[in-house]
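Chain by chain, the residues run as shown.
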Amino acid sequence: MVPLLLVLLLALILFGAGFAVKILWWVALIVLVVWLLGFVMRSTNAGGGRGRWYRW
């Protein structure tokens, strides 16, 4: 009975990790798109050059 529970627990952990990794890929893709949009749409500063679009 214990080995069966261990196998089920392992399968549950691997399924959860796979789902989390898939969610993290989608989050990374969204962050990449936002970063690219910010890079393309950044405004020009008073000197005519392009400024930073982030404020870090």
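For the structure, see preceding data.
Bear in mind that the values here come from a model prediction, so they are computed numbers and not experimental data. Sequence order as written defines the numbering, with residues in each chain counted from 1. Totals for whole chains, interfaces and linings use every residue, but because this is a predicted model, local features are given only for residues with pLDDT of at least 70 and side-chain atom pairs only at 80 or more, for both listing and counting. Excluding hydrogens and water, the side-chain values take into account all heavy atoms of the structure.

As for the overall build of the protein
Scanning the protein for helices and strands turns up one helix and zero strands. Think of it in three bands: with a 1.4 Å probe and only protein chains considered, a residue is buried below 20% of the maximum accessible area for its type, exposed above 50%, and partly exposed in between. For the protein, the residues scored as buried account for 4% of the 56 residues in total. Summed over all atoms, the accessible surface of the protein reaches about 5,500 Å², with 79% contributed by carbon and sulfur. Elements are defined by DSSP. Helices are runs of H or I of four residues or more, strands are runs of E of two residues or more, and each kind is numbered from the N terminus. Here the Shrake-Rupley method, with its probe set to 1.4 Å, supplies the accessible areas, and only the displayed protein chains count as covering residues.

What about a nonpolar patch on the surface?
Nonpolar side chains (Val, Leu, Ile, Met, Phe, Trp, Tyr) within 5 Å and like charges within 9 Å form the patches, drawn only from residues with over 30% relative accessible area and no salt bridge. The term salt bridge refers to a pairing of a side-chain nitrogen on Lys or Arg with a carboxyl oxygen on Asp or Glu at a separation within 4 Å. Residues Trp26, Leu29, Leu32, Val33, Trp35, Leu36, Leu37, Phe39, Val40 and Met41 make up a contiguous nonpolar surface patch of about 1,000 Å² in total accessible area. Tracing the sequence through the fold places Met41 in the segment after α1 (2-40).

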